[in-house]
Structures are given as structure tokens and as C-alpha cells.
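# Structural overview for review
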Amino acid sequence: MGTQKPRILPWLISQLDRGELEGVAWLGESRTRFRIPWKHGLRQDAQQEDFGIFQAWAEASGAYTPGKDKPDLPTWKRNFRSALNRKEVLRLAEDHSKDSQDPHKIYEFVNSGVRDIPEPDTAQDNGRHSTSDTQEDIVQKLLSDMDLSPEGGPSNLTMTSENPPQLLLSPESDIPALCPNWGLSENPLKQLLANEEDWEFEVTAFYRGCQVFQQTVFCPGGLRLVGSEAGDRMLPGQPIRLPDPAASLTDKSVTDYVQRVLSCLGGGLALWRAGQWLCAQRLGHCHVYWAIGEELLPSCGHKPDGEVPKDREGGVFNLGPFITDLITFTEGSRRSPLYTLWFCVGQSWPQDQPWIKRLVMVKVVPMCLRVLVDIARQGGASSLENTVDLHISNSQPLSLTSDQYMAYLQDLAEDMDF
């Protein structure tokens with residue numbers, strides 16, 4: 001057999017001891033804290049040496065061979081960060097990656113004895129393996145069987161075997177453990193958000209403040225809110241039919257008005273994922289205003305966040321600021337981020353009136369965003385319990401420590417191009 005891939009921690013310690021990479025250095029004589037340059041690749045002053053540690057690990061791990069493989073700075077950086085995030089003996093102590101003069105991160109070993117980890121034996125195989133060596137070989141075999149081409153993104157991961165084993169990130173281990181219902185992902189939170197086909201929405205409709213409809217649906221190509229008529233079925237998006245007001249309202253005049261609004265929806269109100277955005281477009285004559293608010297009630301008393309355009313798509317929710325606000329909330333410094341979309345159909349936004357006076361109001365909750373906020377709320381946001389369980393679709397729960405959860409959120413904030 002050939003040489004084994006080095007483990008990240010002994011390799012990293014050796015790089016810190018040598019001090020040959022620009023900006024990669026121990027901090028203090030105790031050598032428990034160290035800094036890593038963390039400059040964004042799109043900055044105009046970015047130089048090759050700013051990514052030296054990421055390239056060095058890509059070469060050491062066999063992911064990149066100079067002269068043979070095409071340089072891929074974002075992937076190198078992402079893989080290095082993910083390797084560190086999986087180590088419970090290491091934590092991110094300070095994040096200065098947004099510093100305009102000296103962007104960097106400071107990591108800290110939480111166990112002083114970790115520096116005594118022996119260097120891995122890279123000699124020829126002698127036929128004997130420890131349990132961790134065997135597990136690492138299994139993981140490497142899985143990785144070698146996968147097409148991890150960055151051009152395709154997460155949704156284009158393919159495996160050569162028909163029934164691939166799946167992986168579960170465990171807080172008790174430095175490497176993934178085999179699990180029957182979990183797909184391989186360097187960041188489970190990214191898996192939760194990246195696959196558009198897995199997005200689930202809870203849709204609730206109100207006629208004059210009275211809840212008349214609620215349904216939770218998977219919408220691979222987005223959804224369309226349509227009136228009692230199903231609308232044009234050739235249009236993209238899953239049609240969500242709003243109920244006939246006569247079945248729930250007793251006031252005939254109000255029933256007639258609501259029916260007129262629904263009839264003007266035409267092709268419907270379309271909502272879909274596009275990258276890190278949720279976009280909306282109205283396909284009928286009925287004007288629609290929107291705002292982001294609390295789950296229990298819309299944000300009244302002020303102007304709407306916007307009007308849904310008719311002839312083009314319009315962004316109504318940006319995942320980037322949401323993740324940033326969620327990190328801040330998890331650290332305990334502000335209220336939880338808002339993620340609920342409210343739509344006022346056929347009338348102006350209830351700026352100066354109670355929202356229950358509006359004929360048709362629709363609330364749309366992206367379920368994956370609710371999950372992320374609920375996790376942060378456990379234990380009072382800033383004091384998360386030791387572990388949290390993340391349920392994704394029909395998968396088994398994924399247990400994460402609070403530090404791992406924060407690290408994965410920070411990973412998302414830096415890499416929102418999924």
C-alpha cells in the first residue's frame with residue numbers, strides 16, 4: 001500500500017512548529033493558541049501566500065497535485081475549515097476574518113495534552129491497523145468513490161455504488177461514523193439549506209383574520225398560491241389552492257370580496273428558491289405586498305418591505321443576513337432573526353389598521369429556517385446545551401455540540417455561494 005493521508009492535527013502542529021507559512025503562527029509560549037490567515041479570495045489585495053496553509057493541506061491530503069490538478073482556492077479553504085471543525089479538541093477562539101487590515105482566525109486547543117499526539121506512521125503498511133485507522137480508510141474509500149466536482153455544487157454529488165453507505169457526524173468522534181440514513185456532507189447545515197428540492201414550507205391563509213387553511217408541503221420547483229380555480233397548470237411551481245371563502249365565512253359581503261380577490265390571482269403568487277434568495281412574482285392582476293415578520297403576527301405599523309413585482313422576479317428573503325443574525329443571536333447579543341414571510345393579497349399593506357381587517361393574508365414559513373432558530377433558542381441561545389439534535393427531512397437526527405453548531409453556522413456565513 002502507499003503512504004497514508006496525514007491526520008490534520010499532527011500535520012498542523014508540525015506546520016506551526018516550522019513557522020514557514022506566511023501568517024501561520026503560535027500565539028504565546030504555551031503554544032495552545034495559534035492564528036491562521038483568513039483573507040477572502042475576492043479581495044483585490046489577495047495573494048497566493050495568503051492561502052498557503054490551505055494549499056499545503058490540499059497537497060498533503062492528496063486533494064491537489066501541482067502541475068496536474070487545477071488550483072481551487074475556495075475548495076482548499078473549505079476543506080481545511082471543515083477538517084478543523086470536526087475536531088472537538090480544537091475550537092475557534094476569535095474570528096477576525098472581516099478585519100480589513102489583517103483578516104485571520106485564532107484557534108485554541110481545549111486540551112493541553114493534544115500537542116502530544118504522535119505523528120502518524122507513514123511507512124509502508126505492516127498489515128496492522130488501529131480502529132481509527134480502519135475508520136479513516138473507510139471514509140477515504142467513500143470519498144474516492146464520489147464525484148466532488150465543485151462546478152456541480154452539492155446537488156450534483158454522485159456515488160459510484162448503487163446503494164452507498166451514509167455518514168453521520170458524531171460529536172463523540174473526530175471522523176464521521178457510518179449511519180443508515182445520512183448523506184455525506186462536509187457541513188450538515190449546508191445540506192439542510194442547499195438542496196432546493198428538500199425545502200419544506202408551511203403555508204397558512206387567513207380571511208379577515210380567520211385562519212382558513214394550513215398545509216406543509218415540499219415544493220421542489222417552488223410554490224404558487226392560486227385561487228379557487230387551480231390556475232394554469234403549465235406554469236412552474238406546485239399550485240397551493242386557497243379555499244373557497246364560502247366554506248368558512250358567514251358574512252356574505254366579505255365572502256364576495258374575498259372571492260373577487262382570489263379570482264384576480266390568475267396564475268398565482270409564485271415563490272421559489274434561487275441560490276441564497278427566496279424570490280416571488282405575481283402571475284395575475286392582483287397586487288401583493290410582502291413583509292418579513294414574526295410567526296404569530298405580521299409586522300404592522302410600518303410600511304411593507306416591498307410589493308411583489310408582476311413582470312419580473314423579486315427577492316423577498318436573503319439567507320446571508322439571516323445566517324449572520326443567527327450567529328449574533330446564538331452569541332446572545334440580539335433578538336432572534338426573522339424568517340416568516342407575510343403576504344397581503346389584493347389590498348395595501350395594513351400599515352395603519354389591524355392586519356385582521358385585511359381580506360386575504362398568507363403566511364409562509366420555510367421549515368428549515370425555523371429548525372435553525374429553534375436550535376439556537378434551546379437553553380436561551382447564548383447558553384446552548386451540550387448537544388442539539390438536528391432533524392433533516394426523513395433522516396435520523398444529527399447530534400451536534402454547541403461549538404460544532406456555531407462553527408457550522410460560521411462556515412455557512414463565509415460560504416454562501418451554495
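Structure report, in brief. (Residues numbered from 1 in each chain as written. Predicted model: local features only at pLDDT ≥ 70, side-chain atom pairs only at ≥ 80, totals over all residues. Heavy atoms only, no water.)

### Details of the overall build of the chain
Broken down by element type, the chain carries 9 helices and 21 strands. Out of the 418 residues belonging to the chain, those deemed buried represent 45%. Across the chain, the fraction of contacts at a sequence separation of at least 24, relative to all contacts at a separation of at least 6, is 59%. On the chain, roughly 20,900 Å² of surface is accessible, and the fraction owed to carbon and sulfur atoms is 47%. (Helix = DSSP H or I, 4+ residues; strand = E, 2+ residues; numbered from the N terminus. Buried < 20%, exposed > 50% of the residue type's maximum accessible area, 1.4 Å probe, protein only. Contact = heavy atoms within 4.5 Å. Areas by Shrake-Rupley, 256 points an atom, 1.4 Å probe, with all protein chains shown as cover.)

### Description of the sheet that holds strand β10 (residues 210-218)
Read across the sheet, 6 strands follow the order β10-β9-β19-β18-β15-β16 without closing on themselves; strand pairing throughout is antiparallel. Only two strands of the sheet have a single partner each, and these edge strands are β10 and β16 (306-307). Sheet topology places strand β18 (residues 340-345) next to strand β19 (residues 360-366); 5 bridges connect them, and they run antiparallel. For Leu341, the partnering residue across the bridge sits in β19 and is Val364. Against the sheet, helix α6 (residues 252-263) touches β9 (200-207), β18 and β19, its axis set at about 55° to β19. Its contacts with the sheet place helix α8 (residues 367-377) against β9, β10 and β19, and it is angled at close to 60° to β19. (Pairing = 2+ DSSP bridges. Axes fitted to C-alpha atoms, helices over the stretch in contact; angles between N-to-C directions.)

### Some points on the environment of Trp290
Structurally, Trp290 is set in strand β15 (residues 288-293). Residue classification places Trp290 among the buried positions, given a relative accessible area of 10%. C-alpha of Trp290 to C-alpha of Trp342: the two residues are 52 residues apart in sequence and 5.6 Å apart in space. For Trp290, the contacting residues outside a window of four places in its chain are Pro304, Asp305, Gly306, Glu307, Val308, Gly315, Val316, Leu341, Trp342, Phe343 and Trp349.

### A word on the nonpolar core
With 59 residues, the main nonpolar core has Leu271, Phe343 and Val362 as its most contacted residues. Ranked by the residues each element gives to this core, the list is headed by α8, at 7 residues. Excluding its chain neighbours within four sequence positions, the residues that come into contact with Phe343 are Leu269, Leu271, Val288, Tyr289, Trp290, Val308, Val360, Met361, Val362 and Val364. Judged by nonpolar contacts, the second largest core, of 25 residues, contains Leu12, Trp26, Trp38 and Phe54. (Core = buried A, V, L, I, M, F, W, Y, C linked by side-chain atoms within 4.5 Å.)

### So, the pairing of β9
Within β9, 7 of the 8 residues are buried, leaving the element largely enclosed by the surrounding structure. The sheet contact formed by β9 and β10 spans 8 bridges and is antiparallel. Within β10, the position partnered with Val203 by the bridge is Gln215. Where β9 lies against β19, 7 bridges are found, and the strand directions are antiparallel. For Ala205, the partnering residue across the bridge sits in β19 and is Val362.

### Let's talk about helix α1 (residues 8-18)
Within α1, 9 of the 11 residues are buried, which leaves the element mostly enclosed by the surrounding structure. Within α1, burial applies to Ile8, Leu9, Pro10, Trp11, Leu12, Ile13, Ser14, Gln15 and Leu16. Buried residues along α1 sit against β1 (25-27), β2 (33-37), α2 (52-60), α3 (73-85), β3 (90-96) and β4 (104-109). Remark: Gly19 follows α1 within two positions and exhibits a positive phi of approximately 70°.

### Regarding the environment of Arg241
Tracing the chain through its elements places Arg241 in strand β12 (residues 238-241). Along the primary structure Arg241 and Leu225 are separated by 16 residues, whereas in three dimensions their C-alpha atoms are 6.1 Å apart.

### Some details on unusual backbone geometry
Here Arg31, not a glycine, exhibits a phi torsion of approximately 55°, which is positive. With respect to the secondary-structure elements, Arg31 resides in the loop between β1 and β2.

### Focus: α2
Across the 9 residues of α2, 7 count as buried, placing the element largely inside the fold. Listed in full, the buried residues belonging to α2 are Gly52, Ile53, Phe54, Gln55, Ala56, Trp57 and Ala58. Contacts made by the buried residues of α2 are with α1, β2 and α3.

### Brief notes about the sheet that holds strand β17 (residues 314-318)
In space, the 5 strands of this open sheet follow the order β12-β11-β13-β14-β17, with mixed pairing throughout. Each having just a single partner strand, β12 and β17 make up the two edges of the open sheet. Across the sheet, the mean angle from the axis of one strand to that of its neighbour is 25°, orientation sign disregarded. Pairing of strand β11 (residues 223-226) with strand β13 (residues 269-274), which is carried by 3 bridges, proceeds in the antiparallel orientation. Its bridge partner being in β13, Arg224 is matched across the sheet by Ala270.

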